[in-house]
Amino acid sequence: MHALPFLVALASAAILAPAVLRALSAGGHTKPNYRSRELPCPFGVLALAVSLLALIPLMLLQKLTSTQLFHTEALPIAVYALGVIGLGLIDDTLGPGGPGGPGGPGEPDRPVQRGWRGHGAAVLRGEPSTGALKAAGSLGLALFTMSYLELSNGRWLLAAAVLALATNAFNLLDLRPGRSTKAFVLLGAGLGIGSGEVRPLWSLGLFVAPALVAGFYDLRERAMLGDTGANLLGALAGLWLVLTLSGTGQLVALVLLAAITLYGELRSISALVERIPGLRELDAWGRP
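First things first, this report covers the structure right here in the doc. (Residues numbered from 1 in each chain as written. Predicted model: local features only at pLDDT ≥ 70, side-chain atom pairs only at ≥ 80, totals over all residues. Heavy atoms only, no water.)

Focus: the overall build of the protein chain
Thinking step 1. Tallying secondary structure elements over the protein chain gives 12 helices and 2 strands in all.
Thinking step 2. Taken from N to C terminus, the helices and strands of the protein chain fall in the order α-β-β-α-α-α-α-α-α-α-α-α-α-α.
Thinking step 3. Evaluated residue by residue, the protein chain yields a buried proportion of 47% over its 288 residues.
Thinking step 4. Considering only contacts within the protein chain whose residues lie at least 6 apart along the sequence, 73% involve residues at least 24 apart.
Thinking step 5. Counting only carbon and sulfur atoms, one obtains 68% of the accessible surface of the protein chain, whose full area is about 13,500 Å². (Helix = DSSP H or I, 4+ residues; strand = E, 2+ residues; numbered from the N terminus. Buried < 20%, exposed > 50% of the residue type's maximum accessible area, 1.4 Å probe, protein only. Contact = heavy atoms within 4.5 Å. Areas by Shrake-Rupley, 256 points an atom, 1.4 Å probe, with all protein chains shown as cover.)

Here we look at the nonpolar core
Thinking step 1. Core analysis: the largest hydrophobic core is formed by 65 residues, its most contacted members being Phe43, Leu46, Tyr80, Phe184, Phe207, Leu232 and Leu236.
Thinking step 2. The greatest single-element share of this core, amounting to 11 residues, is contributed by helix H6 (residues 153–173).
Thinking step 3. Beyond its immediate stretch of four places on either side in the chain, phenylalanine 184 contacts Phe170, Val208, Leu212, Leu233, Leu236, Ala237 and Trp240. (Core = buried A, V, L, I, M, F, W, Y, C linked by side-chain atoms within 4.5 Å.)

A short note on the side chain of serine 51
Thinking step 1. With respect to the helices, strands and loops of the structure, serine 51 is situated in helix H2 (residues 45–65).
Thinking step 2. With relative accessibility at 1%, the residue serine 51 sits in the buried group.
Thinking step 3. In terms of polar contacts, serine 51 uses its side chain to reach the backbone carbonyl oxygen of alanine 47, at 2.7 Å.
Thinking step 4. Aside from chain neighbours lying at most four places away, what touches serine 51 is Leu82, Leu206 and Phe207. (Polar contact = N/O pair within 3.5 Å; in protein donor to acceptor, adjacent residues only side chain to side chain.)

A short note on the environment of glutamate 221
Thinking step 1. Among the structural elements, glutamate 221 can be located in the loop between helix H8 (199–219) and helix H9 (226–244).
Thinking step 2. Since its relative accessible area comes to 2%, glutamate 221 is described here as buried.
Thinking step 3. Sequence separation between glutamate 221 and arginine 35 is 186 residues; the distance between their C-alpha atoms is 9.9 Å.
Thinking step 4. Not counting residues within four places of it along the chain, the set of residues in contact with glutamate 221 comprises Asn33, Tyr34, Arg35, Arg37, Leu39, Pro177, Arg287 and Pro288.
Thinking step 5. In this structure the side chain of glutamate 221 is engaged in a polar contact, spanning 3.0 Å, whose partner is the side chain of arginine 35.

Thoughts on the environment of alanine 9
Thinking step 1. Inspection of the secondary structure puts alanine 9 in helix H1 (residues 4–26).
Thinking step 2. The exposure class of alanine 9 is buried, given its relative accessible area of 0%.
Thinking step 3. Spatially, the C-alpha atoms of alanine 9 and valine 213 are 9.8 Å apart, while their sequence positions differ by 204 residues.
Thinking step 4. Alanine 9 has contacts with Val50, Ala54, Gly205, Leu206, Ala209 and Pro210, leaving out every residue within four places of it along the chain.

Considerations on a nonpolar patch on the surface
Thinking step 1. A surface patch of nonpolar side chains, about 430 Å² in accessible area, is lined by Leu53, Ile56, Leu60 and Leu64.
Thinking step 2. Considering the arrangement of structural elements, one finds isoleucine 56 in helix H2. (Patch = residues over 30% accessible without salt bridge, like charges linked within 9 Å, V, L, I, M, F, W, Y side chains within 5 Å. Salt bridge = Lys/Arg side-chain N within 4 Å of Asp/Glu carboxyl O.)

Observations regarding the side chain of threonine 181
Thinking step 1. Relative to the helices and strands, threonine 181 is located in helix H7 (residues 179–195).
Thinking step 2. Once you skip the residues sitting within four places of it in the chain, threonine 181 turns out to touch Leu212, Gly215, Leu225 and Leu233.

Thoughts on the pattern of salt bridges
Once their charged atoms are close, side chains differing in charge can pair, the charge on each being opposite to the other.
Thinking step 1. Following the criterion strictly, the structure yields 9 salt bridges and no others.
Thinking step 2. Here aspartate 91 makes a salt bridge to lysine 134, at a shortest N to O gap of 2.9 Å. Residue aspartate 91 is found in helix H3 (residues 74–94), and its partner lysine 134 is found in helix H5 (residues 130–146); the two are separated by 43 residues along the sequence.
Thinking step 3. For lysine 134, a relative accessible area of 9% translates into the label buried.

A few points about the packing of aromatic side chains
Thinking step 1. The final tally for this structure, using the stated rule, is 5 aromatic pairs.
Thinking step 2. With 5.2 Å between their ring centres and 50° between their planes, phenylalanine 43 and tyrosine 217 make a pair best called tilted. Here the residue phenylalanine 43 occupies a position in the loop between strand S2 (38–40) and H2, and tyrosine 217 occupies one in helix H8, the gap between them amounting to 174 residues.
Thinking step 3. You can call phenylalanine 43 buried: its relative accessible area is 0%.
Thinking step 4. What makes tyrosine 217 buried here is its relative accessible area of 10%.
Thinking step 5. Taken together, the aromatic side chains of Phe43, Phe216 and Tyr217 make up a single cluster linked through ring pairs. (Phe/Tyr/Trp six-rings, centres within 6.5 Å; stacked < 30°, edge-to-face > 60°.)

Looking at the environment of serine 180
Thinking step 1. Topologically, serine 180 is positioned in helix H7.
Thinking step 2. The class for serine 180 is buried, based on a relative accessible area of 0%.
Thinking step 3. Setting aside anything within four residues of it in sequence, one finds serine 180 in contact with Phe170, Asp174, Leu225 and Leu233.

Structural notes on H2
Thinking step 1. Taking 1.5 Å of rise per residue, the 21 residues of H2 would be expected to cover 30 Å, and the 31 Å separating its terminal C-alpha atoms lies within 8% of that figure.
Thinking step 2. Within H2, the axis deviates most sharply at isoleucine 56, by approximately 30°, and proline proline 57 lies no more than four positions further along.
Thinking step 3. Looking at the buried positions of H2, the neighbouring elements they touch are H1, H3, H8 and H9. (Expected span 1.5 Å × (residues − 1). Bend = angle between axes of the 7 residues up to and from the residue.)

This is the structure we're talking about:
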């Protein structure tokens, strides 16, 4: 029965996706992708709509039939996932290139801040930065969420750091259609096969299912995830790491995530992918 939230959310996402796609297009919520194609964005809002709507039948079933559908960690997971979606949505709508942010229709001449250095410089200049808000908010949410797992202080700080860095890292990966979704699927498969444990997938299923459906549309260049969707994938990846790995494993993950973050700040991840045979083909697989 623990797989039911995933299955209900998956079916709901498949049904609602076309309607959300039309609503974004009709409302003028589009952005150019790397090929300058105007696509509906942020399609990550699909996960927000689906996860909340799917809770109606799931909670009714759980309470009225006394069936345990959710694991105990479902509540902190929901808090972090929904919080990160909200922060990503703020960045998509009020941040660089958004309708109300710098580079958007209202203020085309204001400089656009990108990366931690750009957002940090904006804060030091006293300018608003949705990217800085997203980074600080994600860290606060991570500290709050991990406090519910009854960890020692050291493990609590480690898990929160893994969670916050993973959330940001997947945003750095989201520069080509489907890249962040593929990275999430490969990571999940590796963690599942390596540990032989599927419980984390079912714990995250309410959000994983719509994120994968949105990722398919992103891969096929029918929509763009935006920070709303990419940050959610990163959040789910970080939660999966924390729920699966030991303290040593989380420390290794933290070092790797920090390396990806640093490289993404200083160099082009897309250029690196293009230089590596095999990785280049995997990155391009599935696109139109």
